[in-house]
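Results of the structural survey
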Amino acid sequence: MPIRQLRVSGVRNLHPLTCEPHPQVNFIYGANGSGKSSVLEAIALMAAGKSFRTSTLKNVLHHESDRLELSVAIEDPDLGTCELESLRLRSGDHLLKQNGSVLTSQAQAAHWLPVQIIEPNTFRLLAGSPEERRAFIDWGVFHVEHDFMEQWKTFRKQLKQRNAVLKQKEDEWLSVWNAGFLESAEVIDQQRRNYLKRFTPEFERILKLLDPHIEVTLAYYPGWEKQSSLADVLERQQERDMVLGYTQSGPHRAELRIRCGKLQAVEVLSRGQQKTVVAALKIAQGYLFQHESGRQPIYLVDDLASELDQSHRLALCQLLEDLKCQVFITSIEKEKLTDVWQPVASKVFHVEQGTIIEESSK
Ligand SMILES: Nc1ncnc2c1ncn2[C@@H]1O[C@H](COP(=O)(O)OP(=O)(O)OP(=O)(O)O)[C@@H](O)[C@H]1O
Ligand SMILES: [Mg+2]
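Note that the structure is predicted; figures quoted are calculated from it, not measured.

Attention now goes to the packing of aromatic side chains. Centre distance and the angle of the planes are the two values used to describe a pair of aromatic rings. For the structure shown, the criterion picks out 8 aromatic pairs. Seen in terms of ring centroids, phenylalanine 27 and tryptophan 341 are 5.6 Å apart; in terms of plane orientation they differ by 85 degrees. Their pairing is edge-to-face. Of this pair, phenylalanine 27 sits in strand β3 (residues 25-29) while tryptophan 341 sits in the loop between α11 (334-338) and β14 (346-352), and the two are 314 residues apart along the sequence. Take phenylalanine 27 and tryptophan 341: they sit in the same class, and that class is buried. Relative to phenylalanine 181, the ring of phenylalanine 155 lies with its centre 5.3 Å away and its plane at 45 degrees, an arrangement referred to as tilted. Of the two residues, phenylalanine 155 sits in helix α5 (residues 148-168) while phenylalanine 181 sits in helix α6 (residues 171-210), which places them 26 residues apart along the sequence. Phenylalanine 181 matches phenylalanine 155 in its accessibility class, with the two residues each being buried.

In this section: empty space enclosed by the protein. Within this structure, the stated rule accounts for 1 cavity of 30 Å³ or more. Roughly 30 Å³ of internal volume is contained in the largest cavity. Lining the largest cavity are Leu6, Cys19, Pro21, Ile28, Val39, Phe328, Phe349 and Ile356. Its residues placed into classes, the lining of the largest cavity shows 8 nonpolar, no polar and no charged.

Pairing between strand β1 (residues 3-9) and strand β4 (residues 67-76): 6 bridges, direction antiparallel. Among the inter-strand pairings, isoleucine 3 is bridged to a residue of β4, identified as isoleucine 74.

Let us now look at the layout of surface pockets. Its volume calculated, the largest pocket comes out at about 1,600 Å³. Along its surface, the largest pocket is lined by 42 residues, and Ala48, Lys50, Glu132, Ala135 and Phe136 are the ones closest to its centre. Elements with a minimum of two residues in the lining of the largest pocket: α1 (36-48), α2 (106-112), β8 (115-118), α3 (124-127), α4 (130-144), α5 and α9 (271-293). The element best represented in the lining of the largest pocket is α4, accounting for 9 residues. A breakdown of the residues in the lining of the largest pocket according to their chemical character gives 19 nonpolar, 11 polar and 12 charged.

Bringing the nonpolar core into the picture now. Counting 66 residues, the largest nonpolar core has Phe199, Phe203, Val216, Leu281 and Ile329 as its most contacted members. In terms of residue count, α6 provides more of this core than any other element does, 10 residues in total. Here this core spans two domains, since at least three of its residues come from each of domain 1 (1-114 + 296-362) and domain 2 (126-294). The contacts of phenylalanine 199, once residues within four sequence positions are left out, are Phe136, Leu218, Leu281, Ala284, Gln285 and Leu288. Formed by 39 residues, the second largest nonpolar core is a distinct cluster that contains Phe52, Leu68, Leu70 and Ile356.

Another point: the sheet that holds strand β12 (residues 298-301). In space, the 6 strands of this open sheet follow the order β8-β12-β13-β3-β14-β15, with mixed pairing throughout. Every other strand in the sheet has two partners, leaving β8 and β15 (355-359) as the edge strands with one partner each. Here the strands of the sheet are splayed against their neighbours by 20 degrees on average, with no regard to which way each runs. Bridge count between β3 and strand β13 (residues 326-331): 5 bridges; the pairing is parallel. The residue bridging phenylalanine 27 from the neighbouring strand is isoleucine 329, located in β13.

We now examine the environment of histidine 252. Examined against the element boundaries, histidine 252 turns out to sit in the loop between α7 (230-244) and β10 (255-260). For histidine 252, a relative accessible area of 12% corresponds to the buried category. Here the alpha-carbon distance between histidine 252 and leucine 159, two residues 93 residues apart in the chain, equals 8.7 Å. Look past the residues within four positions of histidine 252 in its chain and what remains in contact with it is Arg134, Trp152, Phe155, Arg156, Leu159, Phe181 and Thr247. Within polar-contact distance, the side chain of histidine 252 engages the backbone oxygen of threonine 247 at 2.9 Å.

The rules behind these values
Residues numbered from 1 in each chain as written. Chains lettered and ligands numbered in written order. Predicted model: local features only at pLDDT ≥ 70, side-chain atom pairs only at ≥ 80, totals over all residues. Heavy atoms only, no water. Phe/Tyr/Trp six-rings, centres within 6.5 Å; stacked < 30°, edge-to-face > 60°. Helix = DSSP H or I, 4+ residues; strand = E, 2+ residues; numbered from the N terminus. Buried < 20%, exposed > 50% of the residue type's maximum accessible area, 1.4 Å probe, protein only. 1 Å grid on protein atoms, 1.4 Å probe; cavity = no way out; pocket = protein on both sides within 12 Å on 5 of 7 lines; lining within 4 Å. Points joined across faces, edges and corners; volume = space filled by probe spheres on them. Nonpolar A, V, L, I, M, F, W, Y, C, P; charged D, E, K, R; others polar. Pairing = 2+ DSSP bridges. Core = buried A, V, L, I, M, F, W, Y, C linked by side-chain atoms within 4.5 Å. Domains from an automatic or database assignment. Contact = heavy atoms within 4.5 Å. Axes fitted to C-alpha atoms, helices over the stretch in contact; angles between N-to-C directions. Polar contact = N/O pair within 3.5 Å; in protein donor to acceptor, adjacent residues only side chain to side chain.

If you want it as structure tokens, here you go:
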């Protein structure tokens, strides 16, 4: 489901732009500070409601603008064309629309834009908090299990209620809330577990293609010690939970542990190897998504050359091309992209001081 038209205004240094990307590969090149990452950031913002570069959305808004407007027209072979629009004001107000009708949640937009991002800080997926790896698993589950978002909302509600009871020290009510909490925790855990069972072999396959010398293992940690049932853990931790005023164990503490032997991968691998592992995780997720949903992901690859040598760049590009999905890929020099990779179906865009211009591709 490629983006057919992209309109952006009020984003960082970009002049209001309208462009018609290629349904497959889009090369975006330009000097430092020209606005390449900002173009990808705009697409990511439309898809996820957040930027991959800042947690403060005001930073994305052009210094001299009070509004940020995004619009993408997406083509789906089964569902037809869909237009998503997002309007953000400096005051913080946000309006999201699909084909002119207001959407009440970002998840509805995310469904249309299954975007995967590979960018220079992407190794944070290994080095960062468990939350990032949990979000990674949940991207996959969300896009293949249609009820995951609902299940997750139910679980969050149960967790909130249980925490409220713990804070009030109402232990006589705890067993009542435990039942609902355990029931929804079980559903989330099972969906994640099933997903990772299918995901792991795909990841191993892709990593071998990107770099046969890196050996890492993935292990799912459900959010409590595996040897015990969550019900037992809750009972054992009840007193401490009551003192703390929150639930220490459960799916909200789940984690994907990525290791080299017994050590955390991040402690062993070089930066380039970390980027390769993260790229393998993200590309494997795209392959599995495509295989299981029959839909195509969209890849945003920012600053491809950073930390990857030519052979790793080529291997990564080849995997993206084989996916036959839409890719937006940036680099400072055009040659860094086109020297290693000449996909048949592509467009080239040059960004200069906030203006994006399409070049004739061949
Ligand atoms: N809120 C903002 N308003 C206006 N301009 C901004 C804002 N935030 C950043 N900029 C400017 O936008 C420009 C584009 O930044 P961007 O990160 O997109 O460049 P880039 O082409 O990806 O550069 P690089 O090759 O260094 O990664 C920079 O010159 C930056 O100073
Ligand atoms: Mg950049």
